[in-house]
Amino acid sequence: MTLAPLPGSFDLDSQTLRVVAAVAEYGSITRAAAVLGYSQPAVSQQLKRVEARIGMPLVTRSGRGIRLTDAGEVLARHADAVLTALDAAAGELSDLSGLRSGRVRLAAFPSASSTIVPRLIGAMAADHAGVQVTYLEAEPPEAVAGVRDGVSDLAIAFRHPADRHDPFDASAEGLVVHELARDDVLLLAPTGHPGTRGGGAVDLAALRGENWIAGCPRCRGHLLDSCARAGFAPSISFETDNFVAVMSMVAAGLGVALLPELAISASSLPPGVEAHRTLAGDHRMLVAVTRPGADHIPAVAETLRLLTTLTRP
């Protein structure tokens, strides 16, 4: 019957390889210990522990000195390549930790593309030129799904906290949601519209008879919920996820609309259009979504920190 060593009996560590490589180079345990910064007894004990574990000697006496055995020669032959690879890995980890390298895959909704995202990518490039940031534009359902599926590292999204039918919480279940800032949702109406006279916040109920322009599916759902809270169902005549088109339609007198302040800030209001806050304080919350543990990845954590700073009121 042949006895085979246990699978873990040849497990080696970098310290062992460094010791054997030094002994091979200097031909002396004493000299190897001095170069490595260890005591001679410590190096001798290290060798004996490894020899006991693998069941073979690593060094043998040769005259007044020592030489490596066949087992020692095997370790010495592989030590240089292994230690070089380990040192390279340590260097890359150091670069990641120091944000001299790394990658962040970012996703965000359209109105963030022309407002938050350029400033965020610019800030990362200025502060951490070695970190590669890629960007994909996607509405919150797709952007959040991308984080869940590992396609994106961080998604900028939004939720409507007052809406009964807002799908965000369900879509982000199991992920980490970082609240960023409040984004007021404003009423857009033609200048001088009878329902907006007085210059203050507008009661949506005063516009129950108007034609309404709806936005993306999430925005359309929010419009329905907002009007329901005001006691009516809106008559939606036009739908477009292009917020510039929404403003142009309002300017043409085709209807009224609800549009987030972030979208309005991305493009100046056209002549003949006014933006008003709603009496109910309509708003959405801007959020960042990551996978659990992503805040321990230096490049992602730094991107999240800069994003929080850029969106702070």
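Anything mentioned here points back to the structure above.
No experiment lies behind these values; they were computed from the predicted model shown.

**Thoughts on the overall build of the protein chain**
And then number 1: Regarding its fold elements, the protein chain presents 12 helices and 11 strands.
And then number 2: When its C-alpha atoms are laid out on the principal axes, the protein chain stretches across 105 × 50 × 25 Å.
And then number 3: Residue burial in the protein chain is summarised as follows: out of 313 residues, 41% are buried.
And then number 4: Within the protein chain, residue pairs in contact and separated by at least 24 positions form 71% of the contacts whose partners lie at least 6 positions apart.
And then number 5: Of the roughly 16100 Å² that the protein chain leaves accessible, carbon and sulfur atoms contribute 54%.
And then number 6: One finds the centroid of the 27 positive side-chain charges in the protein chain at a distance of 8 Å from the centroid of its 33 negative side-chain charges.

**Topic: the packing of aromatic side chains**
And then number 1: Across all of its chains, the model carries two aromatic pairs by this definition.
And then number 2: Relative to Phe158, the ring of Phe109 has its centre 5.0 Å away and its plane inclined at 90 degrees; by these criteria the two rings are edge-to-face. Here Phe109 is found in the loop between strand S3 (103-108) and helix H5 (110-113), whereas its partner Phe158 is found in strand S5 (residues 154-159), with 49 residues between them in sequence. When sorted by exposure, Phe109 lands in the same class as Phe158, which is buried.
And then number 3: A cation over a ring is seen here: Arg284 above Phe158, with NZ or CZ 4.3 Å from the ring centre.

**Quick notes on helix H10 (residues 243-251)**
And then number 1: Turning to H10, its buried residues number three or more, namely Phe243, Val246, Met247 and Val250. On an axial view of H10, the arc spanned by its buried residues comes to 95 degrees, and they lie on one face.
And then number 2: Looking at the buried side of H10, the elements it contacts are H5, strand S6 (176-190), strand S7 (211-214), strand S9 (256-260), helix H11 (261-266) and strand S10 (273-276).

**Regarding the nonpolar core**
And then number 1: Within the largest apolar cluster, 25 residues are counted, with the highest numbers of intra-cluster contacts made by Phe109, Ile116, Leu154, Ile156, Leu286 and Leu307.
And then number 2: Of all elements in the fold, only S3, helix H6 (116-127), S5, strand S11 (283-290) and helix H12 (298-310) reach the threshold of two or more residues within this core.
And then number 3: In terms of nonpolar packing, the next biggest core, distinct from the first, is built from 21 residues, Ala22, Ile54, Leu75 and Ala79 among them.

**Points about helix H1 (residues 14-26)**
Note: α-helices contain 3.6 residues per turn, so residues at a spacing of three or four share the same orientation.
And then number 1: Between the first and last C-alpha of H1 there are 18 Å, a value that for 13 residues agrees with the 18 Å anticipated at 1.5 Å per step.
And then number 2: What H1 keeps buried is the set Thr16, Leu17, Val19, Val20, Ala22 and Val23.
And then number 3: A side-chain oxygen of the first residue of H1 lies 3.0 Å from the backbone nitrogen of Gln15; this N-cap is Asp13.
And then number 4: In the segment just after H1, Gly27 is the residue with positive phi, at about 65 degrees.

**Considerations on the environment of Val177**
And then number 1: Tracing the sequence through the fold places Val177 in strand S6.
And then number 2: Sequence separation between Val177 and Ala288 is 111 residues; the distance between their C-alpha atoms is 5.8 Å.
And then number 3: With residues up to four places along the chain from it excluded, the contact list for Val177 reads Phe168, Ala172, Val287 and Ala288.

**Some details on the pattern of salt bridges**
And then number 1: Using the criterion set out here, one finds 11 salt bridges in the structure.
And then number 2: A salt bridge links Asp184 to Arg182, with the nearest nitrogen and oxygen atoms 2.7 Å apart.
And then number 3: Relative accessible area serves as the criterion here: at 17%, Asp184 is assigned to the buried category.
And then number 4: In this structure, Asp183 and Arg284 form a salt bridge, with 2.9 Å as the shortest nitrogen-oxygen distance. Placement of Asp183 in strand S6 and of Arg284 in strand S11 is noted, with a sequence separation of 101 residues between them.
And then number 5: On the accessibility criterion, Arg284 (2% relative accessible area) is buried.
And then number 6: Via salt bridges that share partners, Arg182, Asp184, Glu261 and Arg277 belong to a single interconnected network.

**Notes on the side chain of Glu51**
And then number 1: Within the secondary structure layout, Glu51 lies in helix H3 (residues 40-54).
And then number 2: One buried charged residue, Glu51, remains without a salt bridge, the closest side chain of opposite sign being Lys48 at 7.5 Å.
And then number 3: When residues no more than four places from it in sequence are discounted, the contact partners of Glu51 are Met56, Pro57, Leu58 and Val59.

**Focus: the packing of H1 against helix H2 (residues 29-36)**
And then number 1: Packing of H1 against H2 leaves a shortest axis separation of 8 Å and a crossing angle of 125 degrees. If you check the angle between H1 and H2, you find them oblique. Remark: the crossing between H1 and H2 carries right-handed chirality. Along the contact surface, H1 presents Arg18, Val19, Ala22, Val23 and Tyr26, while H2 presents Arg31, Ala32, Val35 and Leu36.
And then number 2: Grouping the constituent residues of the contact of H1 with H2 by class yields seven nonpolar, no polar and two charged.

**Thoughts on the pairing of S6**
And then number 1: Strand direction decides the pairing type here: S6 and S11, joined by eight bridges, are antiparallel. Its bridge partner being in S11, Asp184 is matched across the sheet by His283.
And then number 2: Pairing of S6 with S9, which is carried by four bridges, proceeds in the antiparallel orientation. Paired with Leu188 across the bridge in S9 is Ala257.

Quick notes on the rules
Residues numbered from 1 in each chain as written. Predicted model: local features only at pLDDT ≥ 70, side-chain atom pairs only at ≥ 80, totals over all residues. Heavy atoms only, no water. Helix = DSSP H or I, 4+ residues; strand = E, 2+ residues; numbered from the N terminus. Buried < 20%, exposed > 50% of the residue type's maximum accessible area, 1.4 Å probe, protein only. Contact = heavy atoms within 4.5 Å. Areas by Shrake-Rupley, 256 points an atom, 1.4 Å probe, with all protein chains shown as cover. Lys, Arg positive; Asp, Glu negative; His and termini not counted. Charge placed at Lys NZ, Arg CZ, Asp CG, Glu CD. Phe/Tyr/Trp six-rings, centres within 6.5 Å; stacked < 30°, edge-to-face > 60°. Lys NZ or Arg CZ within 6 Å of the ring centre and 35° of its normal. Arc of directions from axis to C-beta. Core = buried A, V, L, I, M, F, W, Y, C linked by side-chain atoms within 4.5 Å. Expected span 1.5 Å × (residues − 1). Polar contact = N/O pair within 3.5 Å; in protein donor to acceptor, adjacent residues only side chain to side chain. Salt bridge = Lys/Arg side-chain N within 4 Å of Asp/Glu carboxyl O. Axes fitted to C-alpha atoms, helices over the stretch in contact; angles between N-to-C directions. Parallel < 35°, antiparallel > 145°, perpendicular 65-115°, else oblique. Left-handed = near helix turned anticlockwise from the far one by under 90°. Nonpolar A, V, L, I, M, F, W, Y, C, P; charged D, E, K, R; others polar. Pairing = 2+ DSSP bridges.

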